Every structure is written in C-alpha cells, then in structure tokens.
Amino acid sequence: MDTSKQKFSITNKNFTTLKNKLIFCKENLLSEIERAKAKIKGMIVDEMFKCSKHTVCNSLDDAVFHEYMHAKTTKKVMYAKYEQLCEADGYAEISEVAESDLAETIAEIGVLKKQGKYELVSDRGKKIFEEIIGD
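Counting starts from 1 at the beginning of each chain's written sequence and moves along it residue by residue. Only residues with pLDDT of at least 70 are given local features in this predicted model, and only at 80 or more are side-chain atom pairs given and counted; all residues enter the totals for whole chains, interfaces and linings. Computation of side-chain values covers all heavy atoms of the structure but excludes hydrogens and water.

Asks: Please give an account of the nonpolar core that cites residues and values.
Replies: The biggest cluster of nonpolar side chains holds 23 residues, and the ones touching the most others in it are Leu85, Ile94, Ile106, Ile109, Phe129, Ile132 and Ile133. By definition, any uninterrupted DSSP run of H or I lasting at least four residues is a helix, any uninterrupted run of E lasting at least two residues is a strand, and each is numbered from the N terminus. The set of elements that each furnish at least two residues to this core consists of helix H3 (60-76), helix H4 (79-87), helix H6 (102-114) and helix H7 (123-132). The element that contributes the greatest number of residues to this core is H6, accounting for 7 residues. For our purposes a nonpolar core is just a set of buried Ala, Val, Leu, Ile, Met, Phe, Trp, Tyr and Cys residues, chained together by side-chain atoms within 4.5 Å. Accessible area is worked out with a 1.4 Å probe on protein chains only. A residue is then buried under 20% of its type maximum, exposed over 50%, and partly exposed in between.

Below, the structure written as structure tokens:
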C-alpha cells in the first residue's frame, strides 16, 4: 500500500484531545514561570551574587570589576601571554572560578583587592597578580 498518497485525517475527537493537551502544557508552563518569578520577586541582583559560592564577587559591581580586570590584564600583556594565562592552572583556594585558569585567578584577586580583602590572597597569588597587573 502506498502511504504517500494516504490522506491525513483528524477527527473532531482527536483534535479536541490534542487541543486540550496543548492547553494543559501551556498552563503548566505558565505556572512554572510564575513560580520561578515568585522565588526571585523582590530579590535584587546583588543578593543573587551573595548566594553564589563559585566566585568572590558579592555584587553586580564586583562582577563588572571582575570583567574589567580581564580587560586590564589583556592591556598589560601581549595576546600570546594572555593565552598562556588561560591555559595555566588557576588557584582553587581563591574560588571555583579562579581554579579554571590564571586569567580568572587574576580577575578574582583584583576583586578581592577592591573589596579590601587582599590580605586573604596567598603570597604566590599576590606575586602573579603584581607581575601581571603591576599594582
């Protein structure tokens, strides 16, 4: 039997069932969205950072400064050196983000310095930070 010539037919009952399932899915999706909104309602961005255990950033300002430190690092070193920083192991004792590579370590140390917590950084961390950033 050649199925390519068969007509697709949908009955009113099948259509109604399909329509009801789609409505149910849409309502559930909207419910989930509303529940998620309720969880973060009233929560400001800075509070979301305070909940993070992956970075030393405690605010949006810290996160922006972290990204600024990447820019400052690339300005201080040639691209090839920056690539080497990205390939070198980072310092897990600072944060999970810093653990990924030295470029992240430098950015996280910059945030700690901005926060007045530079004394928490190991001598080894301070040395690499000062070699690259210089201040």
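There's more to say after this.
Asks: Could you give an account of the packing of aromatic side chains, naming the residues involved and the relevant values?
Replies: Pairing of aromatic side chains here covers Phe, Tyr and the six-membered ring of Trp, requires ring centres within 6.5 Å, and sorts the geometry by plane angle: under 30 degrees stacked, over 60 edge-to-face, intermediate tilted. Evaluation of the coordinates by the stated rule reveals 2 aromatic pairs. On the basis of an interplanar angle of 45 degrees and a centroid distance of 5.4 Å, the ring pair of phenylalanine 65 and tyrosine 68 is categorised as tilted. Taken as a pair, phenylalanine 65 and tyrosine 68 lie in helix H3 at a separation of 3 residues, close to a single helical turn. What makes tyrosine 68 partly exposed here is its relative accessible area of 42%. Lysine and arginine charges are scored as sitting over a ring when NZ or CZ, respectively, is within 6 Å of the ring centre and within 35 degrees of the ring normal. The ring of tyrosine 118 has lysine 113 sitting right over it, with the charged end atom 5.0 Å from the ring centre. For the cation-ring pair, arginine 124 lies above tyrosine 91, with the distance from its terminal atom to the ring centre recorded as 3.8 Å.

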